[in-house]
Amino acid sequence: MILKASNIYKSYKDSDQVIEVLKGASLEVNSGDLICITGKSGCGKSTMLYILGLLDAPDAGELEIAGKIIDSRSNHAHEFRNRDLGFVFQFHYLIEDLTARDNVMLPLLILGKSESQAKKRADELLDYLGLSHRLNRFPNQLSGGEQQRVSLARALANDPKLVLADEPTGNLDPAHSSEVWGMIRNLNKELNQSFVIVTHDHEAAGQANKVFELSEGVLRQTG
Amino acid sequence: MNQLEAFFLKHYIKTPRRNIFKFSFVFMVLGIALSVGILSAGLNLFQGYESNLKKLLLDSFAHINISPIYRDSIDEYSSDEILSIIFQKDGVSSALPLLQSQLMAQVGGKVRAANLMGFKDNANSYYRDYISQGKQEIASGEIIVGHYLAEELALSIGDNLTLMYPRLDQISAFGLHSVTGSFEIVGIYRCGYYENDRSIVICDIDEARDLLNLPIGYTKIHVKLDNPDKAPYYGRDLAQELNNRFTVIPWNYYAESLLRLVKMEKWLIFILFSFLVLIAGINVISAVGTIILDKTDEIAILHTLGAKPKSIKRLFAYRVGIVAVIAVIIGQIFGLLLSWLVEKQGIYKLKGDVYFIDTLTFELSFTNLLVVFFTSTVLIFLCIMIPLKQIQKMQVMDIVRRNY
Ligand SMILES: Nc1ncnc2c1ncn2[C@@H]1O[C@H](COP(=O)(O)OP(=O)(O)OP(=O)(O)O)[C@@H](O)[C@H]1O
Ligand SMILES: [Mg+2]
């Protein structure tokens, strides 16, 4: 077991009205899982994912990573985000000022790796994702699919236990979309990399080994 | 500095056009450079004033003044005795017996107070360094007059000047009796110390003695030292060796408090002008605020990747810090230029009767350069840190969501 979220509650105060988004959602991720979360727009998928990723704190409920209960507000949350978790967002969120390679190096540098070690690892990963000819390009010189692959490489840089992705292909055309899904599947099969992916794409969700639907604030396994 | 910070710092330096020479920094740099320039110029000029004043005081005054206690003058015999004691000491550069007294200088209907001096040995006398016009030698019937005194009395070389010494011991029903003597001006004395330049008259010692109606002897012995700062020690020793028969007064007694005051004013000016840098700091605060807004995505990414908020803050601090340090250095160069211009300009002159000296000069001191650099840098860095507090409060969630 890599990650376990139990009975997660989360609500937002919107002017005078309280929106209860998550009402006891639970999820368990095991090594090698490729989990997809689907659900209607605005049902709280992103909220759930950010809570799993220690980017947001739940109102109630417990989060366990690698057997340890973690408070996302604690100082250790940074270390877990850096070492054990990788993120891919719908928009690519690459740093515009930095080349593809430099972007991938960031998590390694944050971990404390030397620049040469980080560079070596970044090149390996970008090569694996078929971007060895794009190392020194800046994000605005890359196609959407390429940018998303760089994001994927960056998420994988520190060999995380789990990669969290929020609609990673939501912004891509079908061709690029299936290219990225292909990569994800390969990583899962070849390297046993675990994923939790929020997606609207039911076809893609079919490739997952577990599918959950979020509705009325709880997660139900549907496949 | 951790790996991430080092990496970004290198990145900023390697691609300055993308990160450092940006338009959003222009006003910040301008503000810093201007305020630091004024601060440095103020300090340079005040430093110049302080050094100038001290140099003038020490050059044109005796470092140690020896005068009689019980009588009007030091007789020839005592004078020789004192000189021999003085010259036994190391570090004494000269000792000159002289006659000195206040009297009146008159020409036509104008009368001014003057300070008459007659040196035993004109050839060794230090007034010779300050003759701005005319000759240094004085023969009988000739006189050297301070620059401003001559100016006030509208005199120049070749004119005649009458000295009057009122005899207070001979007041009668007919009024005050005074001894007068007429002299031809042969030289103009100008040392730069206003008080001296508007009062000094120097004539032959024997003629001075006649005018003042004094017996053979001297009213003072002026001692100069190689190191004037040691005057109090020499003074104490001398007083003891002379069995306290004479008053021995080091220059510090008169002038130290003045110099201290000037020094204090210098630092006061410094503190005052430092506030200008703080005002420039307001620009810095808004510039940093703008960059943070501009870079929220970057902050969110780094946060997501697990960088500590402290680290993220430092990245911004370095980036703006580099710009600020460059601006401070530009400001210091500008300050140097400004002080140079002030020295060279002829429009504004110091009022000698208020400030003792009438010329503005600047002095570049290494200490002052460092003090300005560090104070400005620290002040600016404090201003940089203020808006960076926002970073800790930022909700990554909100940033990421904003793009949906
Ligand atoms: N900061 C906030 N303040 C108030 N309401 C919020 C806030 N953040 C999210 N919400 C609300 O919470 C609900 C869940 O949002 P969330 O982004 O998790 O949905 P989602 O399932 O990811 O939607 P989508 O599929 O459109 O991305 C939405 O109704 C949203 O309006
Ligand atoms: Mg969402």
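> When you look at empty space enclosed by the protein in this model, what are you seeing that I'm missing?
Any empty space left between the atoms is revealed when a probe the size of a water molecule rolls over them. For the structure on display, the rule yields three cavities of 30 Å³ or more. The computed volume of the largest cavity comes to approximately 60 Å³. Lining the largest cavity we find A:R81, A:N82, A:L85, A:G86, A:F87, A:P107, A:R154, A:A155, A:N158, A:P160, B:T304 and B:L305. Where the lining of the largest cavity is concerned, the elements lending two or more residues are α2 (76-83), β6 (85-88) and α5 (144-156) of chain A. Here the residues of the lining of the largest cavity are counted per class, giving six nonpolar, four polar and two charged.

> Which parts of the structure should I look at to understand the packing of helix α9 (residues 252-294) of chain B against helix α13 (residues 366-393) of chain B?
Two packed helices can be described by the angle between their axes and the distance between those axes. Residue and element names in this part refer to chain B. Viewed as axis vectors pointing N to C, α9 and α13 meet at an angle of 35 degrees, and their least axial separation amounts to 8 Å. Taken as a pair, α9 and α13 cross one another with a handedness that is right-handed. Classifying every residue of the contact of α9 with α13 by side-chain character gives 18 nonpolar, seven polar and no charged.

> Where do I start with the nonpolar core in this structure?
Within soluble globular proteins, side chains that are nonpolar generally end up buried alongside one another. Core analysis: the largest hydrophobic core is formed by 125 residues, its most contacted members being A:L27, A:V196, B:F8 and B:I32. Beyond its immediate chain neighbours, meaning those up to four positions away, B:F8 contacts A:I95, A:L98, A:L106, B:E298, B:L302 and B:L315. Counting 49 residues, the second-largest nonpolar core is a separate cluster that includes B:I74, B:Y126, B:L258 and B:V262.

> Hey, could you run me through the packing of aromatic side chains in this one?
Centre-to-centre distance and the angle between the planes together describe a pair of aromatic rings. All names here are of chain B. The full count for this structure, using the stated rule, is 13 aromatic pairs over all chains. A ring pair is formed by F61 and Y193, whose centres lie 5.4 Å apart and whose planes are at 80 degrees; its orientation type is edge-to-face. With a gap of 132 residues between them, F61 in the loop between α3 (26-60) and β1 (64-68) and Y193 in the loop between β7 (175-189) and α6 (194-197) connect regions that are remote in the sequence. Classification of Y193 as buried rests on a relative accessible area of 7%.

> I'm lost on the domain arrangement of chain B in this one. Help?
Accessible area lost upon the coming together of the parts is a frequently used measure of interface size. Residue and element names in this part refer to chain B. Per the domain assignment, the segments of chain B are domain 1 (3-57 + 258-403) and domain 2 (62-250). Put simply, the middle of domain 1 and the middle of domain 2, counted by C-alpha atoms, are 52 Å apart. With nine residues of domain 1 at the contact, the number on the domain 2 side is seven residues. Together, the buried faces of domain 1 and domain 2 total about 740 Å²; carbon and sulfur atoms form 52% of this surface. When residues of domain 1 are sorted by the area they lose upon contact with domain 2, L56, F356 and D358 head the list and together hold 55% of the total. The interface formed by domain 1 and domain 2 contains one salt bridge. Residue K54 pairs with D229 through a salt bridge whose shortest N-O separation is 3.3 Å. At the junction of domain 1 with domain 2, the criterion picks out one residue pair in polar contact (both at pLDDT 80 or more). Going through the elements one at a time, α3 and α12 (352-355) are the ones with two or more residues in the side of domain 1 that touches domain 2. Here the side of domain 1 that touches domain 2 gets four residues from one element, more than from any other, and that element is α3. The residue inventory of the side of domain 1 that touches domain 2, partitioned by class, reads five nonpolar, one polar and three charged.

Basis of the calculations
Residues numbered from 1 in each chain as written. Chains lettered and ligands numbered in written order. Predicted model: local features only at pLDDT ≥ 70, side-chain atom pairs only at ≥ 80, totals over all residues. Heavy atoms only, no water. 1 Å grid on protein atoms, 1.4 Å probe; cavity = no way out; pocket = protein on both sides within 12 Å on 5 of 7 lines; lining within 4 Å. Points joined across faces, edges and corners; volume = space filled by probe spheres on them. Helix = DSSP H or I, 4+ residues; strand = E, 2+ residues; numbered from the N terminus. Nonpolar A, V, L, I, M, F, W, Y, C, P; charged D, E, K, R; others polar. Axes fitted to C-alpha atoms, helices over the stretch in contact; angles between N-to-C directions. Left-handed = near helix turned anticlockwise from the far one by under 90°. Core = buried A, V, L, I, M, F, W, Y, C linked by side-chain atoms within 4.5 Å. Buried < 20%, exposed > 50% of the residue type's maximum accessible area, 1.4 Å probe, protein only. Contact = heavy atoms within 4.5 Å. Phe/Tyr/Trp six-rings, centres within 6.5 Å; stacked < 30°, edge-to-face > 60°. Domains from an automatic or database assignment. Buried area = accessible area lost by both parts, 1.4 Å probe. Salt bridge = Lys/Arg side-chain N within 4 Å of Asp/Glu carboxyl O. Polar contact = N/O pair within 3.5 Å; in protein donor to acceptor, adjacent residues only side chain to side chain.

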